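What the coordinates show
In case you want the letters, here they are:
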Amino acid sequence: MDLNTVTALHRPGDRTDLTGRLGPGTAALAGGTWLFSQPQPDLHTLVDLTGLGWPPLTVTARGLEIAATCTLAELTGFAAAPGWPAAALFRACCEALAGSFKIWHTATVGGNICLALPAGPMTSLAAALDGTALLWSGADSQRRIPVAEFVVGDRRTVLRPGEVLRAIELPAAALAARTAFRRAALATQGRSGSVVIGRRDADGAFVLTVTAATDRPRRLAFAALPAAAELAGALARIDRWFDDPHGAPDWRRAVTLLLAEEVRAELA
Ligand SMILES: Cc1cc2nc3c(=O)[nH]c(=O)nc-3n(C[C@H](O)[C@H](O)[C@H](O)COP(=O)(O)OP(=O)(O)OC[C@H]3O[C@@H](n4cnc5c(N)ncnc54)[C@H](O)[C@@H]3O)c2cc1C
């Protein structure tokens, strides 16, 4: 839709040009699939990040760096090395966003995480693989925070005014792990009501990440595969289940318990 309060668009080509652009009344524009989907009466300026030329996917000595501007289509196209079986989650998580071909080719990993919907599948992916958010501010400052702690609630993140999400860093150890993915939604093409991802590391450790069913990622870590009752007990300690038209809290809790046990059994 037309954003008729927006009167300025900047498209910085480098970090110097980006510096100082973000502030009150201004929003970072990535794919724009959410920004242009509803009125934005508080905005007068957009800062288009797609001119910054960040390489979408970079294999580093520590793992994989996913630029905030990497699209879902680029992420699913990543040809992972055979030693990174967890990369199978890229497609599974992208498919959890039931958008069209057009959305997949425009929506970005960073836009999805910064939007911070409970059903944000890039948050699910990054939180499950111990992803770290690299945040830029000003001309040369940066900080890092685990993605599981970056999203703190429905549409809430720890992003500070003027900060921009530059990249998500996935460690090689998590990419080398075995994983299992489950998702439930009330409708076939509906938004996720629960996304459960399990990870079994080389040392036998087990990590279960719950998203969509809760307002922020919930990460349950065990030194070894837990027994079914132990896992159910840990899930029972989740104090709040998300409530919106995509699922009632009691349904989300029940379905998450079922999916978690399937994940546990698959990774046993
Ligand atoms: C049919 C359809 C289905 C959808 N299904 C889902 C779904 O299941 N789950 C879901 O989570 N979303 C869904 N969406 C919403 C949206 O399309 C996605 O969340 C998408 O990934 C947003 O990415 P974007 O790049 O288009 O973000 P934009 O719309 O460009 O931006 C989203 C927000 O993030 C901010 N932002 C973007 N990039 C950065 C950055 N690098 N640093 C700081 N702030 C930034 C923007 O200022 C804005 O506030 C759906 C949309 C459609 C049209």
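Quick caveat, the model's predicted, so the values are computed rather than measured.

Moving on: the overall build of the chain. Per the secondary structure count, the chain includes ten helices and 14 strands. Taking 18 Å as the expected radius of gyration for a compact globule of 268 residues, we find that the chain reaches 18 Å, a close match to that expectation. Along the longest, intermediate and shortest principal axes, the C-alpha atoms of the chain span 55 × 45 × 30 Å. Classification of the 268 residues of the chain by burial places 50% in the buried group. Accessible surface, the chain: about 12,000 Å² in total, of which carbon and sulfur atoms supply 54%. When the 26 basic and 25 acidic side-chain charges of the chain are each reduced to a single mean position, those positions are 2 Å apart.

Here we take up the domain arrangement of the chain. When cut into domains, the chain gives domain 1 (8-47), domain 2 (55-171) and domain 3 (178-266). Averaged C-alpha coordinates put domain 1 and domain 3 at centres separated by 34 Å.

As a further point, take the sheet that holds strand E2 (residues 26-29). Two pairing modes exist for strands in a sheet, parallel and antiparallel, and in both the strands are linked by backbone hydrogen bonds. Reading across from one edge, E1-E3-E2 is the order of the three strands in this open sheet, with parallel pairing throughout. Each edge of the open sheet is held by one strand with a lone partner, namely strand E1 (8-10) and E2. Geometrically, the sheet is characterised by an average inter-axis angle of 25° between neighbouring strands, direction not taken into account. Sheet topology places E1 next to strand E3 (residues 45-48); three bridges connect them, and they run parallel. Counterpart to Ala8 in the pairing with E3 is Thr45.

We now examine the pattern of salt bridges. When their charged atoms lie close together, side chains carrying opposite charge are able to pair. By the definition in use, this model includes 15 salt bridges. Across the pair Arg11 and Asp48 runs a salt bridge, and its minimum N-O distance is 3.1 Å. Highlighted residues: Arg11 in the loop between E1 and helix H1 (15-18) and Asp48 in strand E3, separated in sequence by 37 residues. Via salt bridges that share partners, Asp130, Arg199, Asp201 and Arg219 belong to a single interconnected network.

What follows concerns the nonpolar core. By size, the foremost hydrophobic cluster in this structure holds 50 residues, and its most contacted members are Leu75, Phe90, Ile113, Met122, Leu129 and Ile168. Of all the elements, strand E10 (residues 164-171) adds the most residues to this core, at five residues. Once residues within four sequence positions are removed from consideration, Ile168 is found in contact with Leu64, Glu65, Ile66, Val109, Ile113, Ala126, Gly131, Thr132, Ala133 and Val147. Residues Val196, Leu208, Trp241 and Leu267 belong to the second largest nonpolar core, which totals 19 residues.

Another point: unusual backbone geometry. One can expect most non-glycine residues to show negative phi and most peptide bonds to be in trans. We note that Asp130 has phi near 55°; this positive angle belongs to a residue other than glycine. Of note, Asp130 is situated in the loop between helix H6 (121-128) and strand E6 (132-137). Unusually for a residue other than glycine, Arg155 sits at a positive phi of about 65°. Counting through the fold element by element, Arg155 comes out in the loop between strand E8 (151-153) and strand E9 (156-157).

Before going further, it helps to examine the packing of aromatic side chains. Aromatic rings in a pair are described by how distant their centres are and how their planes are angled relative to each other. Applying the stated criterion across every chain yields a total of three aromatic pairs. Ring centres 5.6 Å apart and planes at 85° place the aromatic pair Trp54 and Trp136 in the edge-to-face group. Of this pair, Trp54 sits in the loop between E3 and strand E4 (57-59) while Trp136 sits in strand E6, placing them 82 residues apart in sequence. The class for Trp54 is buried, based on a relative accessible area of 10%. For Trp136, a relative accessible area of 13% gives the class buried.

So, on to the site of the ligand. Surveying the vicinity of the ligand reveals 27 residues, the closest of which are Ala28, Gly31, Gly32, Thr33 and Thr108. The contact in question runs from an oxygen atom of the ligand to an N or O atom on the backbone of Ala28, over 2.6 Å. Here Ala119 contributes a backbone N or O atom positioned 3.0 Å from a nitrogen atom of the ligand. Protein coverage of the free-state accessible area of the ligand, which is 970 Å², stands at 86%. Put simply, the parts of the chain that give the shell around the ligand at least two residues each are E2, helix H5 (109-115) and E10. Top contributing element to the shell around the ligand by residue count: H5, with four residues. Of the residues that constitute the shell around the ligand, the class distribution is 19 nonpolar, seven polar and one charged. Counting the residues that make up the shell around the ligand, at least three belong to each of domain 1 (8-47) and domain 2 (55-171).

Where burial is concerned, most of strand E12 (residues 192-200) is hidden: nine out of the nine residues are buried. Bridge analysis of strand E11 (residues 178-185) against E12 gives eight bridges, and the strand direction is antiparallel. Opposite Thr179, over in E12, you have Arg199 as the bridge partner. Where E11 hands over to E12, the hairpin turn is made up of six residues, counted between the paired strands. Bridge count between E12 and strand E13 (residues 206-211): six bridges; the pairing is antiparallel. The residue of E13 that forms the bridge with Arg200 is Phe206. Turn length for the E12-E13 hairpin, with the two strands adjacent in sequence and antiparallel, is five residues, and the turn residue Gly204 shows positive phi of about 95°.

Cut-offs used in this document
Residues numbered from 1 in each chain as written. Predicted model: local features only at pLDDT ≥ 70, side-chain atom pairs only at ≥ 80, totals over all residues. Heavy atoms only, no water. Helix = DSSP H or I, 4+ residues; strand = E, 2+ residues; numbered from the N terminus. Rg over C-alpha atoms; globule rule 2.2 N^0.38 Å. Buried < 20%, exposed > 50% of the residue type's maximum accessible area, 1.4 Å probe, protein only. Areas by Shrake-Rupley, 256 points an atom, 1.4 Å probe, with all protein chains shown as cover. Lys, Arg positive; Asp, Glu negative; His and termini not counted. Charge placed at Lys NZ, Arg CZ, Asp CG, Glu CD. Domains from an automatic or database assignment. Pairing = 2+ DSSP bridges. Axes fitted to C-alpha atoms, helices over the stretch in contact; angles between N-to-C directions. Salt bridge = Lys/Arg side-chain N within 4 Å of Asp/Glu carboxyl O. Core = buried A, V, L, I, M, F, W, Y, C linked by side-chain atoms within 4.5 Å. Contact = heavy atoms within 4.5 Å. Phe/Tyr/Trp six-rings, centres within 6.5 Å; stacked < 30°, edge-to-face > 60°. Near = heavy atom within 4 Å. Polar contact = N/O pair within 3.5 Å; in protein donor to acceptor, adjacent residues only side chain to side chain. Nonpolar A, V, L, I, M, F, W, Y, C, P; charged D, E, K, R; others polar.

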